[in-house]
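Architecture at a glance
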Amino acid sequence: SQYHFNKKDFAIAMDRMICLKTGFYRFVVSSGAHGSGEHLAMLKNGVQTHHFYVIDSTSQGHLNVVLECKRGDYLQVKGTWQADMTYQSFHIERA
C-alpha cells in the first residue's frame, strides 16, 4: 500500500485524532482542490484554529502549525480533499 498510517501519541477515532500524551506537536496538512474557493479547516476540541483556501484547481494549499495538546484534546481537519489523494497529506510529529 502507498498509504502509511502510524500512531503513537494520538489515537485514530471516527472523525478526529485524540491526543494521548501532553506536549507540543507540529501538524502538517497539504491538499489540492477541484476548483476555486475550496478550503480546509483545522479544529482543536471543536474550535477552528487554522484554515486555508485553495485559489484554483491548479493550486495547492499548505498548513504547517505547532500546537500544544493536552491528553484528551482532539484535532479534526474538515473541508474539501482532492479526490485521488495524489497531492495531499496529513501528519503529526512532536515539535
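Scope of this entry: the structure provided in the associated data block. What you see as residue numbers is a count from 1 along each chain, following the sequence as written. Where totals are concerned, whole chains, interfaces and linings use all residues; where local detail is concerned, this predicted model gives features only for residues with pLDDT of at least 70, and gives and counts side-chain atom pairs only at 80 or more. Think of the side-chain values as coming from all heavy atoms in the structure, minus any hydrogens and water.

Attention now goes to the overall build of the chain. The helix count covers DSSP runs of H or I at least four residues long, the strand count covers runs of E at least two residues long, and both are numbered beginning at the N terminus. Check the secondary structure of the chain and you find zero helices and eight strands. N-terminal to C-terminal, the α/β element order of the chain is β-β-β-β-β-β-β-β. Across the 95 residues of the chain, 33% fall into the buried class. Sequence-distant contacts, at least 24 apart, represent 66% of the contacts inside the chain between residues at least 6 apart. Relative accessibility thresholds used throughout: buried, under 20% of the residue-type maximum; exposed, over 50%; partly exposed, between the two (1.4 Å probe, protein chains only). Any two residues having at least one pair of non-hydrogen atoms within 4.5 Å are treated as being in contact.

Take a side-chain nitrogen of Lys or Arg and a carboxyl oxygen of Asp or Glu: if they are within 4 Å of each other, that pair is a salt bridge. Counted by the stated rule, this structure contains four salt bridges. Of the charged contacts in the structure, one is a salt bridge between Arg 26 and Glu 93, with a shortest N-O distance of 3.7 Å. Of this pair, Arg 26 sits in strand E3 (residues 23-32) while Glu 93 sits in strand E8 (residues 89-94); the two residues are 67 residues apart in sequence, bridging distant segments of the chain. The class for Glu 93 is partly exposed, based on a relative accessible area of 36%. Here Asp 73 makes a salt bridge to Lys 44, at a shortest N to O gap of 3.8 Å. Of the two residues, Asp 73 is situated in the loop between strand E6 (60-69) and strand E7 (74-79) and Lys 44 in strand E4 (residues 38-44); the sequence distance between them amounts to 29 residues.

Before going further, it helps to spend a moment on unusual backbone geometry. For Asn 45, which is not a glycine, the phi torsion comes out positive at approximately 55°. Note that Asn 45 resides in the loop between E4 and strand E5 (47-54).

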